[in-house]
2 protein chains.
Amino acid sequence: MATISDVAKRSGLSKTTVSRVINNYPHVTPEKREKVLKAMEELAYTPSPAARRMRGQLKSSIGIIVTRITNPFFTYLVDAIEQLAYKKGYQVMVFQSNDDREKELKYLSLLKTKQVDGIILAATVNEWETIEPFTEYGPIVFCNEFIKGTGLPTVRLDEVGASYEGMMHLIGRGHTKIAYCTGGVLEGNERNIGFQRALKEAGIDLNLQWIFLNKYNIDGGKQVVRAMLRMDDRPTAVFAGGDEVAAGIILEAKEAGLRIPEDLAVIGFDDQPLAELLDPKLTTIRQPVKQMGEEALENMITALNSGSVKNADRILSAELVVRQTT
Amino acid sequence: MATISDVAKRSGLSKTTVSRVINNYPHVTPEKREKVLKAMEELAYTPSPAARRMRGQLKSSIGIIVTRITNPFFTYLVDAIEQLAYKKGYQVMVFQSNDDREKELKYLSLLKTKQVDGIILAATVNEWETIEPFTEYGPIVFCNEFIKGTGLPTVRLDEVGASYEGMMHLIGRGHTKIAYCTGGVLEGNERNIGFQRALKEAGIDLNLQWIFLNKYNIDGGKQVVRAMLRMDDRPTAVFAGGDEVAAGIILEAKEAGLRIPEDLAVIGFDDQPLAELLDPKLTTIRQPVKQMGEEALENMITALNSGSVKNADRILSAELVVRQTT
DNA sequence: ATGAAAGCGCTAACAA
DNA sequence: TTGTTAGCGCTTTCAT
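Here the structure is a predicted model, which means the values were calculated and not measured.

**Student:** Describe the domain arrangement of chain A, and please don't skip the residues or the numbers.
**Tutor:** All names here are of chain A. Segmentation of chain A into domains returns domain 1 (4–55), domain 2 (60–157 + 289–316) and domain 3 (159–286). Between the C-alpha centres of domain 2 and domain 3 the distance comes to 30 Å. Taken together, the contact pairs seven residues of domain 2 with eight residues of domain 3. Where domain 2 packs against domain 3, one counts one salt bridge. We note a salt bridge from Glu190 to Arg156, for which the minimum N-O separation is 3.8 Å. Counting the contacts that link domain 2 with domain 3 gives one residue pair in polar contact (both at pLDDT 80 or more). Of all the secondary-structure elements, those providing two or more residues to the side of domain 2 that touches domain 3 are helix H5 (72–88) and strand E5 (154–157). Considering each element in turn, the side of domain 2 that touches domain 3 owes the most residues, three residues, to H5. Its residues assigned to classes, the side of domain 2 that touches domain 3 comprises five nonpolar, one polar and one charged.

Now the structure itself:
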C-alpha cells in the first residue's frame, strides 16, 4: 500500500502539500494539485483510515444501537440507514442491546475509544444521567427513541397522533369496548396518551380490565385473547400495540372460533410484512421507518461534520392502513 | 484520555514495559507488571484502538456482507453473529450488497484500508477471480454462501440433503406431481441436486413445466400459483424453495379456492417466523442459522488470530419441520 | 528484564 | 503558496 510519502516523492512535492490536496485545503496551485492527483492515481493511493482516525480526521463509522435486530421494525430501520450511509461513504455497525444496560453501555463506550465515531440511539434502557457523559466523546442522536430535554437531535414518531388515529378508526367503526395492549407500562408513554385522549373525546370510560401491559410478541397476543375469553364483559375491538401482538391475537381468536372482525376487530402497529400475510389481512398503523432512519443519519452526519449537535426534535406522522381486521 | 506515556510516567517505567504488559509479553517481572496494572487502573487507561490498529495490532471489527438484511434469514444470521461477537469483544459491521457487484466490491475494499479486519461473506454476486485478490488484505470466510475450490473456511447447509429430505417427505405423502421453485436457475445449484435425486429414486420423471425459476418472494409465489392454474395437468404439491415464496403460494391458492394441503401441498424453506403465522401453518425445512453464524464467526476469529485461514468445509444439516401444509 | 529511539501514516504549527 | 518539523499513541528493533 502506497503511503503519503510515496505520493510526495513521486510528485516531487512535500507530504504537507499532498495532505492539503487530500483534505481539499486552499492555497494549492492548480498545477501542483494536478501533479499530486496524478501521483495518487498512478500509485493507486488511498489514505490510511487508521492514521487519519488517529489524527482525529476520519469519522466514517456509525453505530446504531437497537434492542434486537430480529425485531422487524429495527431491521427495516437498519436497512434504511445502511442504504443511505453507503451512498454517503459511511459504515454502520449494528449493536444489539438486548435490553441489557451493561451491553448498551459497553457499546456506548466505543465512542470513548473512537472505535465508532457516532451513535444513533434507536433504543435505550439506561437513564439519561448514565448516557449523558458519553456525548462528550462523540455525537449521539436519537431515532425512534426519545428522552425529554436532552437537547440531542431527535427523530421520532408522533406516537400520540398515531394511537389517537388508530383509536378513532375503531371508534368510528362503532366500537366502544376497546382493549389496549402495550409493550411496557401505562404511564409515561406517549402512545398511551393518544389512546386515552381518543377515549375521552368519545366519552368512553377507561376500563382497566381491558388494558394489557408487557405484551410485545405473538405469545403476548395469545395471552391477551385467553384473558379476554375468561371475561364476562368482553371487548369488541383491540388495539394491539404491535403487529406481532396482533398476529397472536388473530391466531388465538380464530382458534377459539371468533370471527374477525365481526366478533373482534384488531388493529396493529408498524405495518410489518406479516400484516399482509395474516388472514384476514391486518389493519395497522404504518411507521415511516425509512424516513426516520434517513433523517437520523442526516442528523448524525451533520453532527459529525460540525462537531456539535443541533437541538432538533423532528416528529413524523404515522399512516393508518386499513385492511380487513377492522 | 490517558495515554501509554501517562501510564509509563505514573508507574515509573518505560512505555515499552507498559506496552509489554498490555500485550502480555514475557520478560516482565511480576512486581513491575503489578505496578503497570495499578497505574492503568488508576488512570482508567484504555489503549487507543486507532493507534493499535495503525500498528497492525488491533483486529476487532468484522464485516458481514449479506444481500439484504430485511431477508429474515440474514437478519437471524446477523443476530447470531452479533451476539457471539459481543461476548468475544468484536464489533460487527453490516454490509448489504443488494446483489450489486459494485457495492459488494466497495465493501470488500474496506479490507484493503483496514477499515474492517475481516469479512464474513454470506452472499456474493462476484466471481471468485474478483474476490480472491482481497484475501491478501485480511481474512474472508464463507457462511451460507459457498464457492468451490477456494480453500476458504466455509460453513454451509447441506443443501442437497435438505431438499432431498423435503422432497422425500412430499413423496412419502403420496405425491408424484411435484412443482419446484428456486430463487435462481436450475443448474449449478446444490439444492436442485437433492430435488432431482429424490425424483430419480422415486422413479418420477422431471416435468420441466413444473419448474419455476427466479422466484424469491411473496409475489413470486403468487405468480407460481397463477401459472399452475393455467395448466391442464397441475401438480399436487410444491416445493417452494423459501418460506416467503410458500406464503405467496398459500395466499394465492386460497384466493383461488384451493384447499391446502388437500388440493395443493406446500413445503417451504428456512422456517422463518412467518411459517407459524400462515394459515394453515407451513411445513418447512429449518436451517441451523444460529449455529451457522457462530461457526463462521469462530472461523473468522481463528483466522484473525493466526493470520492465516484453515481450509475447512463445514456442512450443517437441516431439519424438517412438519406442520399443516403437507 | 528493561529502556531509548525510531517509525507506522497522517496532520498541523510555524517558518519561509 | 509551500516545506520543515514536530507530534498523535502505539509497537518494535536494538542496546544495555
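Following the structure, the description resumes.
**Student:** Can you tell me about the sheet that holds strand E8 (residues 237–239) of chain A, naming the residues and giving the values?
**Tutor:** Residue and element names in this part refer to chain A. Spatially, the four strands line up as an open sheet ordered E7-E6-E8-E9, and their pairing is parallel. Each edge of the sheet is formed by a strand with only one pairing partner; in this case those strands are strand E7 (211–212) and strand E9 (265–267). The pairing of E8 with E9 spans three bridges and is parallel. The residue bridging Val238 from the neighbouring strand is Val266, located in E9.

**Student:** Tell me about the environment of Pro139 of chain A, and name the residues and values.
**Tutor:** All names here are of chain A. Here Pro139 lies in the loop between helix H7 (128–131) and strand E4 (140–143). Considering only alpha carbons, one finds Pro139 and Leu152, 13 residues apart in sequence, at a separation of 8.7 Å. Setting aside residues up to four positions removed in sequence, Pro139 forms contacts with Leu111, Asp117, Gly118, Ile119, Met300, Ala303, Leu304 and Val309.

**Student:** Let's hear about the relation of the copies chain A and chain B: which residues, and what values?
**Tutor:** In screw terms, the move from chain A to chain B is a rotation of 180 degrees and a rise of 0.1 Å along the axis, fitting with an RMSD of 0.1 Å. Here the transformation between the copies is reduced to the relation of a two-fold axis. Judged by C-alpha distance, Met93 of chain A is the residue of chain A that lies nearest the rotation axis, at 2.1 Å. When the interface residues of chain A are mapped onto chain B, 100% of them are again interface residues, pointing to one common binding face.

**Student:** I'd like a rundown of the packing of helix H1 (residues 4–11) of chain A against helix H3 (residues 30–43) of chain A, residues and numbers included.
**Tutor:** Residue and element names in this part refer to chain A. Running from amino to carboxyl end, H1 crosses H3 at an angle of 120 degrees, the nearest separation of the two axes being 9 Å. By the angle between their directions, the pair H1 and H3 is classed as oblique. Judged by the sense of rotation from one axis to the other, the crossing of H1 with H3 is right-handed. Contact residues: H1 offers Asp6, Val7, Arg10 and Ser11, while H3 offers Lys35, Val36, Ala39, Met40, Glu42 and Leu43. Residue composition of the contact of H1 with H3, grouped by class: five nonpolar, one polar and four charged.

**Student:** Run through the interface of chain A and chain B, naming residues and quoting values.
**Tutor:** Across the boundary between the two partners, chain A contributes 44 residues, which contact 44 residues of chain B. Carbon and sulfur atoms make up 63% of the area that chain A and chain B hide from each other, which totals about 3900 Å². Taken together, the links from chain A to chain B amount to six salt bridges. Its salt-bridge partner being Lys254 of chain A, residue Asp279 of chain B comes within 3.0 Å of it at the nearest N-O pair. For the pair chain A and chain B, the interface holds 18 residue pairs in polar contact (both at pLDDT 80 or more).

**Student:** Explain the environment of Val7 of chain A to me, using residue names and the numbers behind them.
**Tutor:** Counting through the fold element by element, Val7 of chain A comes out in helix H1. Once you skip the residues sitting within four places of it in the chain, Val7 of chain A turns out to touch Val18, Val36, Ala39, Met40, Leu43 and Tyr45 of chain A.

**Student:** How would you explain the side chain of Ser11 of chain A if you had to name every residue and give the values?
**Tutor:** Residues and elements named next belong to chain A. Within the secondary structure, Ser11 sits in helix H1. Among the polar contacts listed, one links the side chain of Ser11 to the backbone oxygen of Ala8, at a separation of 3.2 Å. Apart from residues lying up to four places away in sequence, Ser11 is in contact with Val18, Lys35, Val36 and Ala39.

Reading guide: rules and limits
- Residues numbered from 1 in each chain as written.
- Chains lettered and ligands numbered in written order.
- Predicted model: local features only at pLDDT ≥ 70, side-chain atom pairs only at ≥ 80, totals over all residues.
- Heavy atoms only, no water.
- Domains from an automatic or database assignment.
- Contact = heavy atoms within 4.5 Å.
- Salt bridge = Lys/Arg side-chain N within 4 Å of Asp/Glu carboxyl O.
- Polar contact = N/O pair within 3.5 Å; in protein donor to acceptor, adjacent residues only side chain to side chain.
- Helix = DSSP H or I, 4+ residues; strand = E, 2+ residues; numbered from the N terminus.
- Nonpolar A, V, L, I, M, F, W, Y, C, P; charged D, E, K, R; others polar.
- Pairing = 2+ DSSP bridges.
- Least-squares fit on C-alpha atoms with pLDDT ≥ 70 in both.
- Axes fitted to C-alpha atoms, helices over the stretch in contact; angles between N-to-C directions.
- Parallel < 35°, antiparallel > 145°, perpendicular 65-115°, else oblique.
- Left-handed = near helix turned anticlockwise from the far one by under 90°.
- Buried area = accessible area lost by both parts, 1.4 Å probe.

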